[in-house]
Amino acid sequence: MSTPVTPNPKAFPLATPELTTRILNLVKSASSYRQLRKGANEATKTLNRGTCEFIVLTADTEPLAILLHLPNLCEDKVSTFHTIQMEKGHREIEIIIYTLQA
């Protein structure tokens, strides 16, 4: 099993390991329904359009500065965000947006 990467201290609040597992299972099932978007630009667009259910951020994103505006935007748009810690070797996601069905 891979070892977890030490998260950036600016990535706060971190989800618990149990919640992280549940979020990743939800992401896996939602991907088959094509309800996911990836990237900081897509996150900003869906938040501004009001089609965002919640945003998943990873704590080991480099550079972290590309994510730092999203928690404030989520609070303004009354949307939920979670920061999760990924295991080493699982770097295929940085930002995932779960959107409403159009």
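Here, the structure is the one placed above.
Residues numbered from 1 in each chain as written. Predicted model: local features only at pLDDT ≥ 70, side-chain atom pairs only at ≥ 80, totals over all residues. Heavy atoms only, no water.

Peer 1: Give me the lowdown on the overall build of the protein, citing residues and values where you can.
Peer 2: Each helix and strand counted, the protein has 3 helices and 4 strands in total. Seen in sequence order, the protein has helices and strands lined up from the N terminus as α-β-α-β-α-β-β. Relative to its full complement of 102 residues, the protein shows a buried share of 37%. Just so you have it, the protein exposes about 6,500 Å², and 54% of that area is on carbon and sulfur atoms. (Helix = DSSP H or I, 4+ residues; strand = E, 2+ residues; numbered from the N terminus. Buried < 20%, exposed > 50% of the residue type's maximum accessible area, 1.4 Å probe, protein only. Areas by Shrake-Rupley, 256 points an atom, 1.4 Å probe, with all protein chains shown as cover.)

Peer 1: For the pattern of salt bridges, give the residues involved together with the corresponding values.
Peer 2: All chains considered together, the criterion is met by 1 salt bridge. Its salt-bridge partner being Glu42, residue Lys45 comes within 3.3 Å of it at the nearest N-O pair. Here Lys45 and its partner Glu42 are both found in helix α2 (residues 40-49), 3 residues apart, which amounts to about one turn of the helix. On the basis of relative accessible area, Lys45 is assigned to the partly exposed category, the value being 36%. (Salt bridge = Lys/Arg side-chain N within 4 Å of Asp/Glu carboxyl O.)

Peer 1: Residues and numbers for the pairing of strand β2 (residues 52-58), please.
Peer 2: Consecutive residues of a regular strand have side chains that alternate between opposite faces of the sheet. In terms of burial, β2 is largely enclosed, as 6 of its 7 residues are buried. Inspection of the sheet shows β2 paired to strand β3 (residues 80-84) by 5 bridges, in the parallel sense. Note on β3: the bridge partner recorded for Leu57 is Thr83. Viewed along the sheet, the connection from β2 through helix α3 (residues 70-76) into β3 turns out right-handed. (Pairing = 2+ DSSP bridges. Right-handed = clockwise from strand over helix to strand, strands pointing away.)

Peer 1: Can you explain the nonpolar core? Please cite residues and give values.
Peer 2: Taken as a class, soluble globular proteins show a tendency for nonpolar side chains to be buried jointly. Residues Ala43, Leu47, Cys52, Ile55, Leu57, Leu64, Leu67, Leu70, Leu73, Cys74 and Phe81 constitute the largest nonpolar core, which totals 11 residues. Those elements that provide at least two residues to this core are α2, β2 and α3. For Leu47, the residues in contact, after removing those within four places along its chain, are Cys52, Ile55, Leu70, Leu73, Cys74, Lys77 and Ser79. Residues Ala15, Ile23, Ala30 and Met86 belong to the second largest nonpolar core, which totals 9 residues. (Core = buried A, V, L, I, M, F, W, Y, C linked by side-chain atoms within 4.5 Å. Contact = heavy atoms within 4.5 Å.)

Peer 1: Talk me through the environment of Asp76; I want residue IDs and the actual numbers.
Peer 2: Considering the arrangement of structural elements, one finds Asp76 in helix α3. Considered as a pair, Asp76 and Leu47 are 29 residues apart in the sequence and their alpha carbons are 9.3 Å apart.

Peer 1: Go over helix α1 (residues 17-31) with me, naming the residues and quoting the values.
Peer 2: Within an α-helix, residues lying three or four positions from one another point in the same direction, as the helix has 3.6 residues per turn. Taking 1.5 Å as the rise per residue, α1 with 15 residues should run 21 Å; its terminal C-alpha atoms sit 21 Å apart, in good agreement. Taken together, the buried positions of α1 are occupied by Thr20, Ile23, Val27 and Ala30. Across the axial projection of α1, the buried residues extend over an arc of 95°, all falling on one side. Across α1 from its buried face, at more than 90 degrees, point the exposed residues Pro17, Glu18, Arg22 and Lys28. (Expected span 1.5 Å × (residues − 1). Arc of directions from axis to C-beta.)

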